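Examining the three-dimensional arrangement
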Amino acid sequence: TQCVSGCVCPHNQVLDGKGGCIAPEDCPCVHNENFYSPGESIRVGCNNCTCRNRKWHCSEEPCLETCSVYGDGHYTTFDGKRFDFEGDCEYVLIQNYCGQQTMNQGTFRVITENIPCGTTGTTCSKSIKVFMGNYELILGDGHSDVIQRTPGGKMPFQIRSMGIYLVVDTDVGLILMWDKKTSIFIKLSPSFQGHVCGLCGNYDGNGNNDFTTRSQSVVGNVLEFANSWKVSSNCPNANRTKDPCTANPYRKAWAQKQCSIITSEVFAKCHSQVEPNEYYQACVDDACACDTGGDCECFCTAVAAYAQACNEMDICISWRTPTICPLFCDYYN
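Notes on the structure in this doc start here. (Residues numbered from 1 in each chain as written. Predicted model: local features only at pLDDT ≥ 70, side-chain atom pairs only at ≥ 80, totals over all residues. Heavy atoms only, no water.)

Description of the sheet that holds strand S6 (residues 47-52)
- Here we have three strands laid out as an open sheet, ordered S5-S6-S7, and antiparallel in their pairing. Looking at strand neighbours, the two that pair on one side only are strand S5 (41-44) and strand S7 (55-58), the edges of this open sheet. Averaged over neighbouring strand pairs, the angle between their axes works out to 35° when direction is ignored.
- As judged from the four bridges shared by S6 and S7, these two strands associate in the antiparallel manner. The residue bridging Cys49 from the neighbouring strand is Cys58, located in S7. (Pairing = 2+ DSSP bridges. Helix = DSSP H or I, 4+ residues; strand = E, 2+ residues; numbered from the N terminus. Axes fitted to C-alpha atoms, helices over the stretch in contact; angles between N-to-C directions.)

Here you go:
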């Protein structure tokens, strides 16, 4: 009904913000600046939330959090801490033996091997190694290899394909999604909260202490934190590299134009759910940095990382076209 007496609603009704009056229980709920009517549901993480009486009522299923590594050294920890690190070595992404514990006390370890992917000092993940029990899984060169170090024992993981990703399901609550190039998404069961360490952080719900070194010291410097997780002490410590767009200014305009798809209307549905600017800047940096071939692949990987973050929020964006990072669907089907 329309409000009366200069937009004063009748008893037991409230303004709806559009010049009308509604019952209080008919008011919408708000999530990320979007309004939802009573009875509407959204998905937050792995839980469903329904709007009732102006409040969200959500299921309380424990969710697997995600650590991501993509492109030219872009990391997001389980607790949402984002940082860039470009080191040319092998580094521990995640393990569940930390501090004074020995390797034999843990059940898994995931390592990334980084190599240079441009002339400006940027590095990309070349391969991923997963250690579980007496098995080692190596993801690299577009395929997977399994090594059994000692006889006996059931293989603790299963490998399957899902679209462009190779997915590794393990028996301990660890899932890996690898794009067969430079992106890896690691999902971990809540049972490991606060019991892991590495470049993916400690998974305790607090991103402020994610820069915990191998010696269990919390530091504020990315280089000090990341260098502490080198697998081999023979590798030199990584130093901060120069801005790739400053080093390759002729690529900057092209990079900005290509990467603007992230902040464009194409991804508009996702902007309120996943902040796009950091992904856009990472895309520009990668597109500038990949100056030894594969520049389009670096651009596509960066956009795909944002699309995957949107997908984690149950927002599926159809952004690929025959001219922008096309996929050969018949092949993948």
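Side note on the packing of aromatic side chains
- Applying the stated criterion across every chain, the model contains 13 aromatic pairs.
- Judged by centre distance (5.1 Å) and plane angle (90°), the ring pair of Phe85 and Tyr91 falls under edge-to-face.
- Considering the side-chain rings of Phe267 and Tyr306, the 5.2 Å spacing of their centres and the 65° angle between planes classify their relative orientation as edge-to-face. Of the two residues, Phe267 sits in the loop between helix H3 (252-259) and helix H4 (268-271) while Tyr306 sits in helix H6 (residues 295-312), which places them 39 residues apart along the sequence. Each member of the pair Phe267 and Tyr306 is classed as buried.
- Joined through ring pairs, the aromatic side chains of Tyr70, Phe267, Tyr279 and Tyr306 make up one cluster.
- Between Lys81 and the ring centre of Phe211, over which it is positioned, the NZ or CZ distance is 5.0 Å.
- Its guanidinium or amino end placed over the ring of Tyr279, Arg82 lies 4.2 Å from that ring's centre, counting from NZ or CZ. (Phe/Tyr/Trp six-rings, centres within 6.5 Å; stacked < 30°, edge-to-face > 60°. Buried < 20%, exposed > 50% of the residue type's maximum accessible area, 1.4 Å probe, protein only. Lys NZ or Arg CZ within 6 Å of the ring centre and 35° of its normal.)

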